Amino acid sequence: MPPQSPVPAAPAVEASSPRTAAFAARLKTLRTDHRNVALPGLIAAYLGVALLLVSPAVLSPWHLLWTLPLMGILQYRIVISGHEAVHQTLVWPRALNEALGVFGQALVGVNFAAYRIQHMDHHKVRTRADDPDGHIYGWVVEAAPGARRLAVLLFGTFVEIVIKIYQKGTGGIGNKDTHSATVSSAKRRHTLYVIGAQLSLIAICWATTGWFWGYLVMWIAPLFIVAVFLNRCRIVVEHGLAQLIAQRLPGGFQEFGGLRIPTVDIVPHPVEGWLFAPFRFNYHCCHHLFMAVPHYNLPALRDLLREHQYSGYHEVHGSYLQALVRCIQDDTTASPAAPAQSS
C-alpha cells in the first residue's frame, strides 16, 4: 500500500492575507495567555519520581519490572518540560520557569544554558545537515528503507546518547559559535548543577537500593532506554517523516514554509499523545511556525492556521506508531543537504 498522503499543503497566500487584523489579534491573544497549566502535572511527575526513587527500600526487586518503565515515562516528561522552559512558556513568572528548567534538566543530565542555545539553533536552520538535532532523525531517514532504517532507529540511540552528553551535558553546543561571557558563565554554572544533581542521585539510589550501582539501575537505565528512545521516536516522526513528505511534494521544502526545516503536526489517540507528546508536543508544526505560543494554546493555534490556510502548515493523521512505521517503510531516501527553500 502506498504511504498515506499528508493533508494537502496550504496554498500560497499573499503576504497580507494571514496577517489580517483578526488573525493578528487572535495570535496575540494566544501568545500572551499566560497560565500555569503545566504546574500541577509537573509537580505530580516530580512526586512520582521521588516515590519511585525510594520504592526499593520497601518493595522487592521484582517491582523493578514496572517501576523502571514508569520512571522512564516520568523522566521523559521532565525532559520535555525543559523544552517548554527553553521557550519560556512552561510556567509563570519567568523566574519560576527558569528555576524549574535548570532544576529539571540537571536531574536528567542536561545543561540548561547549553540546551537553550542548541535548541534555538535548531529553530534557525534550513537544512538537516545544519540542524544540531539532525543526527537524531536524519541518519534514520537517510538510510535505506526497511530493515536498515529500523536498525539505525534502534541502535543509533547509543550514538545519540554520546552526542547528547556533549551537546547538553557538558556545556558543549555542537557548533563553533562564540557566546557572551554571561552565557559562558551560565553554561559552566549549569554544568556544576548537573554534576551535583547526579551525585545526589547516586547517593539516593545507593541508600534506597543498598547497591552501589543502584544509580545505573534506578536512574540511568530508564533514562536511556525509555525516555531517550521515546524522544527519539517522536523526533523521527515530527522531523524525519516531514523530510520524506517534503521530497515528495511538488513544491518540495518550500511547501513547509521555506525558511525552516520541515515538520508536521501529528493527530494521535489521546492516550498515545499523553505518552509520546507531553505538553502538546504533537502540534510541532504549529510550534515551529509560532514558537512563542504556549503549549496549551497550540490546539487553538492549529484551528487558526487551518482556518486561514496558512502556508507551511502540515499535519498527519493517525498514531505516532503508524507514522513511525510509515517513516521506516517509505521508499524515499532523505538528503541531508536538501534546501528548505526550493530552487
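Residues numbered from 1 in each chain as written. Predicted model: local features only at pLDDT ≥ 70, side-chain atom pairs only at ≥ 80, totals over all residues. Heavy atoms only, no water.

### Quick notes on empty space enclosed by the protein
A full pass over the atoms with the stated rule returns 1 cavity of 30 Å³ or more. When its volume is computed, the largest cavity comes out at roughly 40 Å³. Forming the walls of the largest cavity are His83, Glu84, Phe279, Arg280, Phe281, Tyr283, His284, His287 and Leu298. Put simply, the parts of the chain that give the lining of the largest cavity at least two residues each are α3 (64–86) and α11 (284–289). Split by residue class, the lining of the largest cavity holds 4 nonpolar, 3 polar and 2 charged. (1 Å grid on protein atoms, 1.4 Å probe; cavity = no way out; pocket = protein on both sides within 12 Å on 5 of 7 lines; lining within 4 Å. Points joined across faces, edges and corners; volume = space filled by probe spheres on them. Helix = DSSP H or I, 4+ residues; strand = E, 2+ residues; numbered from the N terminus. Nonpolar A, V, L, I, M, F, W, Y, C, P; charged D, E, K, R; others polar.)

### Here we look at the nonpolar core
One finds Val49, Leu53, Leu90, Trp219 and Val236 to be the most contacted residues of the largest nonpolar core, which totals 68 residues. Listed by contribution, the elements that provide at least two residues to this core are α2 (39–54), α3, α4 (94–107), α5 (112–124), α6 (134–141), α8 (181–209), α9 (214–248) and α13 (320–329). Apart from residues no more than four positions distant in its own chain, Val236 is found in contact with Ile136, Tyr137, Val140, Leu153, Leu241, Leu324 and Cys327. One finds Cys286, Phe290, Val293 and Tyr310 within the second-largest nonpolar core, a separate group that totals 15 residues. (Core = buried A, V, L, I, M, F, W, Y, C linked by side-chain atoms within 4.5 Å. Buried < 20%, exposed > 50% of the residue type's maximum accessible area, 1.4 Å probe, protein only. Contact = heavy atoms within 4.5 Å.)

### Focus: the environment of Gly109
As for its placement among the helices and strands, Gly109 is situated in the loop between α4 and α5. Residues Gly109 and Gly169 lie 60 residues apart in sequence; the distance between their C-alpha atoms is 5.5 Å. Residue contacts for Gly109: discarding those within four places in its chain leaves Lys168, Gly169, Val194 and Gln198.

### Overview of the layout of surface pockets
If you add up the space inside the largest pocket, you get close to 570 Å³. Taken together, 35 residues form the lining of the largest pocket, with Val108, Val110, Lys164, Lys168 and Val228 sitting closest to its centre. Those elements giving two or more residues to the lining of the largest pocket turn out to be α3, α4, α5, α7 (147–169), α8 and α9. When its residues are assigned to classes, the lining of the largest pocket shows 20 nonpolar, 11 polar and 4 charged. By volume, the second largest pocket amounts to about 440 Å³. Elements that contribute at least two residues to the lining of the second largest pocket include exactly α2, β1 (265–267) and α10 (270–276). Class assignment for the residues of the lining of the second largest pocket results in 14 nonpolar, 4 polar and 3 charged.

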